[in-house]
Amino acid sequence: MTVSSSPDAVPGEEYEYEALPPNYGLGHNMLAGAFAGIAEHTVMYPVDLMKTRMQIINPSAGGLYTGLSHAVSTIYRIEGLRTLWRGVTSVIVGAGPAHAVYFGTYEVVKEFAGGNKEDGKHHPLAAAASGACATIASDALMNPFDVIKQRMQVHGSTYRSISHCARSVWRAEGISAFYVSYPTTLCMTVPFTATQFMAYESLSKIMNPRKEYDPITHCVAGGLAGAFAAGITTPLDVIKTLLQTRGLSQQAEIRNVRGLFHAASIIKKEFGWRGFMRGWRPRIITTMPSTAICWSSYEMAKAYFKRTLREEQTSHTNKL
């Protein structure tokens, strides 16, 4: 599939999706990434909220759920549907800048690692390295917003807004509360993103060997890659949730949890090995469509910028 350089282009004047116009740069990838991040997190936010609630240890009265359908019916009956969007402002504010950095870093490292070589070969290691670097950079921005989001998602949360939550956490626990889960987050997101990007690039190579802009390919490859990566990293996500919501626990040991291994020992003691898979269904249900949305939005925005810039270039050339 090729895309015409202009709506009024002469037949035969076409360009490949991957062929970059000379005025296309890093800023356009970052804008595309910001658009993708906001689209991904807002659409799937209700399922993410239910995942958080199902992972909480010793929740307050009314916050215990036996499954995804029970969580939906209980929240709807007791708190109303608006609760499913509680804290969404935090991800909107954080996801734009974080995903701009995320995809910007991905494209820069991928180019540096040789992932964009036009040699007809597959470069899975370059994709994995690009994904790992991207998540390290973006999570440094997103982690505080993720802490605020999960504090507001918990049943019985009294925070009125993201600013109220941020001030309350700062005063009660200090700045370390916003980053206590950062090492665990990286332990989860680095393998998650490396696996996801490698799977996405591999599936795209198989489904779309000519590397053309194809919304269906981007959507399916993104969804399958996200589901696979989410499934194998669920245990770390459970640990991360415990660390990020520790200040809301009624259990002293959890409130004073020190880090990844201490949190893991608490989960093992409370629930056994099965505890590390708490919330895996909503995690996959969240991640599969959200990564499909993310990659589709990102590739669509990239295609739009490339088309627009090439049209401008063609128009400028015709005037000369």
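Residues numbered from 1 in each chain as written. Predicted model: local features only at pLDDT ≥ 70, side-chain atom pairs only at ≥ 80, totals over all residues. Heavy atoms only, no water.

J.: Teacher, can you tell me more about a nonpolar patch on the surface here?
T.: A surface patch of nonpolar side chains, amounting to about 550 Å² of accessible area, comprises Ile206, Met207, Ile216, Val220, Leu224 and Met288. Mapped onto the nonpolar patch, the elements with two or more residues apiece are α7 (182–207) and α8 (215–232). No other element matches the three residues that α8 contributes to the nonpolar patch. Secondary-structure assignment places valine 220 in helix α8. (Patch = residues over 30% accessible without salt bridge, like charges linked within 9 Å, V, L, I, M, F, W, Y side chains within 5 Å. Areas by Shrake-Rupley, 256 points an atom, 1.4 Å probe, with all protein chains shown as cover. Salt bridge = Lys/Arg side-chain N within 4 Å of Asp/Glu carboxyl O. Helix = DSSP H or I, 4+ residues; strand = E, 2+ residues; numbered from the N terminus.)

J.: Sorry, what's going on with the side chain of threonine 42 here?
T.: With respect to the element layout, threonine 42 can be found in helix α1 (residues 26–43). Taking relative accessible area as the criterion, threonine 42 reaches 19% and is therefore assigned buried. Reaching out from threonine 42, the side chain makes a polar contact with the backbone oxygen of isoleucine 38 at a distance of 2.7 Å. When near neighbours in sequence (up to four residues on either side) are disregarded, threonine 42 contacts Trp85, Val88 and Ile92. (Buried < 20%, exposed > 50% of the residue type's maximum accessible area, 1.4 Å probe, protein only. Polar contact = N/O pair within 3.5 Å; in protein donor to acceptor, adjacent residues only side chain to side chain. Contact = heavy atoms within 4.5 Å.)

J.: What am I meant to see in the confidence of the model for the chain here?
T.: Atomic detail in the predicted coordinates should be set aside for any region of low pLDDT. For the chain, the average pLDDT comes to 81, and 88% of its residues sit at 70 or higher. Across residues 1–20, confidence stays below pLDDT 50; counting only partners more than four residues off in sequence or on other chains, it has 40 contacts. (pLDDT = per-residue confidence, 0-100.)

J.: Would you take a moment to explain the nonpolar core for this structure?
T.: A general trend in soluble globular proteins is that nonpolar side chains are found buried together. In this structure, Phe103, Tyr106, Trp295 and Tyr298 are the most contacted members of the largest nonpolar core, which totals 16 residues. Breaking this core down by element, the ones donating at least two residues are α1, α4 (88–112), α7, α8 and α12 (280–319). In this structure phenylalanine 103 touches Asn29, Gly33, Ala36, Cys294, Trp295 and Tyr298, once residues within four positions along its chain are discounted. (Core = buried A, V, L, I, M, F, W, Y, C linked by side-chain atoms within 4.5 Å.)

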